[in-house]
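Okay, here's what each chain looks like letter by letter:
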Amino acid sequence: MVTEVSKLSFGMYLMHMFFLAPIAGLIIGGDPSNPLLPVWLAIPVIALLSYLCCIITTKLLSFLPGSRYFIGY
């Protein structure tokens, strides 16, 4: 598992910003002064969800022909 994720890490790095903003918007709920979750919980939840989305997307992209040119695997 760790070896597989390490192979996908460059693609995950390239795409993490595509997931970070939408997930943060959902967790915060549109009002930064009154988020849906407390900040101490929101930050790890946003990080974990972004990480999981990147792993899944990069793994799916790795099955496409020529994917090594844009995800590095």
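Since the model is a prediction, treat every value here as computed from it, not as a measurement.

1. Considering the nonpolar core
Link 1 in the chain: By size, the foremost hydrophobic cluster in this structure holds 6 residues: Val 5, Leu 8, Met 12, Met 15, Cys 54 and Ile 55.
Link 2 in the chain: Residue assignment for this core shows that the elements contributing at least two residues are α1 (2-28) and α2 (39-61).
Link 3 in the chain: A total of 4 residues in this core trace back to one element, the largest contributor, which is α1.
Link 4 in the chain: Among residues more than four places away in sequence, those in contact with Met 15 are Cys 54, Thr 57, Thr 58 and Leu 61.
Link 5 in the chain: The next biggest cluster of nonpolar side chains, apart from the first, holds 5 residues, and it includes Ala 24, Ile 27, Ala 42 and Ile 46.

2. Overview of the environment of Ser 50
Link 1 in the chain: Its place among the elements puts Ser 50 in helix α2.
Link 2 in the chain: According to the relative accessible area criterion, Ser 50 is buried, its value standing at 6%.
Link 3 in the chain: Sequence separation between Ser 50 and Ala 21 is 29 residues; the distance between their C-alpha atoms is 9.2 Å.
Link 4 in the chain: Here the side chain of Ser 50 touches Ile 46 through a polar contact of 2.9 Å, landing on its backbone oxygen.

3. Comments concerning the packing of α1 against α2
Link 1 in the chain: Orientation of α1 relative to α2, taken along the N-to-C sense of each, is 130°, at an axis distance of 6 Å. One finds that α1 runs oblique with respect to α2. Seen from above, α1 lies across α2 with right-handed handedness.
Link 2 in the chain: Considering only residue class, the contact of α1 with α2 consists of 18 nonpolar, 5 polar and 2 charged.

4. Some points on α1
Link 1 in the chain: Taking 1.5 Å of rise per residue, the 27 residues of α1 would be expected to cover 39 Å, yet its terminal C-alpha atoms sit only 30 Å apart, more than 12% below that figure.
Link 2 in the chain: When the local axis directions of α1 are compared, the greatest deviation, roughly 50°, occurs at Ser 9.
Link 3 in the chain: Within α1 the residues assigned to the buried category are Val 5, Leu 8, Gly 11, Met 12, Met 15, Ile 23, Ala 24 and Ile 27.
Link 4 in the chain: Buried residues along α1 sit in contact with α2 and α3 (68-71).
Link 5 in the chain: Downstream of α1 by a residue or two, Gly 29 has a phi angle that is positive, lying close to 80°.

5. Remarks on the side chain of Ser 62
Link 1 in the chain: Position of Ser 62 relative to the elements: it lies in the loop between α2 and α3.
Link 2 in the chain: Classification of Ser 62 as buried rests on a relative accessible area of 14%.
Link 3 in the chain: Setting aside its immediate chain neighbours within four residues, Ser 62 contacts Leu 8, Ser 67, Ile 71 and Tyr 73.

Rules and cut-offs
- Residues numbered from 1 in each chain as written.
- Predicted model: local features only at pLDDT ≥ 70, side-chain atom pairs only at ≥ 80, totals over all residues.
- Heavy atoms only, no water.
- Core = buried A, V, L, I, M, F, W, Y, C linked by side-chain atoms within 4.5 Å.
- Buried < 20%, exposed > 50% of the residue type's maximum accessible area, 1.4 Å probe, protein only.
- Helix = DSSP H or I, 4+ residues; strand = E, 2+ residues; numbered from the N terminus.
- Contact = heavy atoms within 4.5 Å.
- Polar contact = N/O pair within 3.5 Å; in protein donor to acceptor, adjacent residues only side chain to side chain.
- Axes fitted to C-alpha atoms, helices over the stretch in contact; angles between N-to-C directions.
- Parallel < 35°, antiparallel > 145°, perpendicular 65-115°, else oblique.
- Left-handed = near helix turned anticlockwise from the far one by under 90°.
- Nonpolar A, V, L, I, M, F, W, Y, C, P; charged D, E, K, R; others polar.
- Expected span 1.5 Å × (residues − 1).
- Bend = angle between axes of the 7 residues up to and from the residue.

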